[in-house]
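Structural characterization, general
Below, each chain spelled out in residue letters.
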Amino acid sequence: MTLRLVRVDDRLIHGQVVAVWLRAVGADRIVIVDDRVAADPFLVDVLTLAAPIGVPVEVLDVASAAPRVTARASAHDACFVLVKSPVTALALLRAGVPIGAVNLGGIGAGPGRRPLYRTISASDEERAALREIEALGTPVEIRIVADDRPVPFASVDRT
Amino acid sequence: MRDFRIVVAAHSGLAAALVRSAELICGELRDVTAVGIAPSESPETFAVELRRAIELDARPVLVLTDLDGGTPSIVAATIAADRPGTTVLAGVTLGMLVEAATSPDGLGDGAVGRLVETGRAGIVDVTARLAARGRS
């Protein structure tokens, strides 16, 4: 059993967006993996409260997430994994988490980043991580909202 | 005279449009700022802009955001946590903004609760209300 979807979205949980994705992937819990967020109890509270009512949220750092998420995947738990950066997705993959596909959903413009596709930007480091994820055999598809037709990362990746 | 500032934080052009629309009703509004998050903007960049608007001076600030659980709301909550005198209300309506902007006093004495009530009371099934009076 592999996780159906790991989504890269720098806004993590945001309003209705996450509700639509939970339905689309048939998940009933959210796991956020991010070292900085996991170390900030206030931010953990804010994000937990931002999830749709009744949907449990776990916030984990990368080190403790790998075994935990792998266990959930093998227990057939339908969880929706959210990360802020493809670098985190790659770290999970390298730590042995069975990820079926990586969804690239949102990375906003910022220092060191340049436009990648529509509203998504990425830095050189983030692009390298996405390429490495694909090289390890996990497809990366761009879908900003669940209704979008998936666009393969490789088709928009120009150095 | 209102002794607090208002910051409207919302997705895309909604914040600016709400402030413009409120000005249509109230005339020019002082100490009301709109901060929108663009679809291509990172939460970090938006946080810098919102923080600048909130921390402009030491007066109390009422932050009105569009969606509970949305990025503007989450970012506002994190800024408010370390800036005393900052109140965040999600689910802003034009009615709430007009009420807050024309408020003669501060945010104490139940004023925030009354604003929440204004927002709730402004949602009305007009069709059903007319039907109940036998008008449709």
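Rules and cut-offs
Once a new chain begins, its residue numbering starts again from 1 and follows that chain's sequence as written. For this description, chains carry letters from A and ligands carry numbers from 1, given in the order in which they are written. Reporting of local features is limited, given that this is a predicted model, to residues whose pLDDT is at least 70; pairs of side-chain atoms are given and counted only at 80 or more, and all residues count toward the totals for whole chains, interfaces and linings. Side-chain metrics rest on all non-hydrogen atoms present in the structure, leaving aside hydrogens and water. By the convention used here, strands pair only if DSSP detects at least 2 bridges between them. Helix numbering and strand numbering both begin at the N terminus, where a helix is a DSSP run of H or I of at least 4 residues and a strand a DSSP run of E of at least 2. Note on contacts: a residue pair qualifies if any of its non-hydrogen atoms lie within 4.5 Å across the two residues. Only the stretch in contact is used when fitting a helix axis, every axis being a line fitted to C-alpha atoms; angles between N-to-C directions are given from 0 to 180 degrees. Residues enter patches when they are more than 30% accessible in relative terms and free of salt bridges; like-charged ones are connected within 9 Å and nonpolar ones (Val, Leu, Ile, Met, Phe, Trp, Tyr) within 5 Å. Exposure was quantified through the Shrake-Rupley algorithm and a 1.4 Å probe, taking into account, for residues, occlusion by the shown protein chains and nothing else. One side-chain nitrogen of Lys or Arg within 4 Å of one carboxyl oxygen of Asp or Glu is enough to make a salt bridge. When accessible area is computed with a 1.4 Å probe and restricted to protein chains, residues below 20% of their type maximum are described as buried, those above 50% as exposed, and intermediate ones as partly exposed. For this classification, under 35 degrees means roughly parallel, over 145 means roughly antiparallel, 65 to 115 means roughly perpendicular, and everything else is oblique. Note on convention: near helix rotated counterclockwise from far helix by under a right angle means a left-handed crossing. Clockwise means right-handed. Amino acid classes used here: Ala, Val, Leu, Ile, Met, Phe, Trp, Tyr, Cys and Pro are nonpolar; Asp, Glu, Lys and Arg are charged; the rest, including Gly, are polar. Stacked, edge-to-face and tilted labels apply to pairs of Phe, Tyr and Trp rings (six-membered ring for Trp) whose centres lie within 6.5 Å, assigned for plane angles under 30 degrees, over 60, and everything in between, in that order. Think of it as a cone above the ring: NZ of Lys or CZ of Arg counts as a charge over the ring if it is within 6 Å of the ring centre and within 35 degrees of the ring normal.

Picture the strands of a sheet paired through backbone hydrogen bonds; they go either parallel or antiparallel. Residues and elements named next belong to chain A. Spatially, 3-2-4-1-5-8-9 is the arrangement adopted by the 7 strands of the open sheet, whose pairing is mixed. Sheet topology places strand 3 (57-60) and strand 9 (151-152) at the edges, where each strand pairs with a single neighbour. One ladder, built from 2 bridges, connects strand 8 (residues 140-142) with strand 9; its direction is antiparallel. Each residue of the ladder has a partner; that of Glu 141, found in strand 9, is Pro 152. Relative to strand 4 (residues 79-83), helix 5 (residues 86-94) is tilted by about 125°, and along the sheet it contacts strand 1 (6-9), strand 2 (29-33), strand 4 and strand 5 (102-106).

Attention shifts here to a nonpolar patch on the surface. Residue and element names in this part refer to chain B. A surface patch of nonpolar side chains, amounting to about 320 Å² of accessible area, comprises Leu 24, Ile 25 and Leu 94. Following the sequence through the fold, Leu 24 ends up in helix 1 (residues 14-26). For Leu 24, a relative accessible area of 77% puts it in the exposed group.

A separate point is the pairing of strand 6 (residues 113-117) of chain A. In the sheet, strand 6 of chain A pairs with strand 7 (residues 120-123) of chain A via 4 bridges, with the strands oriented antiparallel. Across the sheet, residue Arg114(A) finds its bridge partner in strand 7 of chain A, namely Ala122(A).

Before going further, it helps to examine the packing of helix 2 (residues 43-54) of chain B against helix 3 (residues 71-81) of chain B. Residue and element names in this part refer to chain B. In contact at an axis separation of 10 Å, helix 2 and helix 3 are set at 55° when each is read in the N-to-C sense. The angle between the axes of helix 2 and helix 3 places the two elements in the oblique class. Considering only the axes of helix 2 and helix 3, their crossing is right-handed. Between helix 2 and helix 3, the residues in contact are Pro 43, Phe 46, Ala 47, Leu 50, Arg 51 and Ile 54 and Thr 71, Pro 72, Val 75, Ala 76 and Ile 79, respectively. Considering only residue class, the contact of helix 2 with helix 3 consists of 9 nonpolar, 1 polar and 1 charged.

Moving on, we come to the packing of aromatic side chains. Scanning the model with the defined rule gives 1 aromatic pair over all chains in all. Taken together, a centroid distance of 6.4 Å and an interplanar angle of 10° make the contact between Trp21(A) and Phe80(A) stacked. On the criterion of sequence distance, the pair formed by Trp21(A) in helix 1 (residues 15-25) and Phe80(A) in strand 4 is long-range, its members being 59 residues apart. Neither residue differs from the other here; Trp21(A) and Phe80(A) are each classed as buried. When the ring centre of Phe4(B) is taken as reference, the NZ or CZ atom of Arg2(B) above it lies at 5.6 Å.

Residue-level contacts link 19 residues of chain B with 16 residues of chain A. Linking chain B with chain A are 1 salt bridge. Here Lys84(A) and Glu44(B) are joined by a salt bridge, their closest N and O atoms 3.3 Å apart. Looking at the side of chain B that touches chain A, the elements that each hand over two or more residues are helix 2 and helix 3 of chain B. It is helix 3 of chain B that provides the largest number of residues to the side of chain B that touches chain A, a total of 5 residues. Looking at the side of chain B that touches chain A residue by residue, the class counts come to 8 nonpolar, 8 polar and 3 charged.

Residue and element names in this part refer to chain A. Positionally, Val 102 belongs in strand 5. Measuring from C-alpha to C-alpha, the distance between Val 102 and Val 81 comes to 9.8 Å, with 21 residues separating the pair along the chain. In contact with Val 102, not counting residues within four places along its chain, are Val 6, Val 8, Ala 89, Ile 133, Thr 138, Pro 139, Val 140 and Glu 141.

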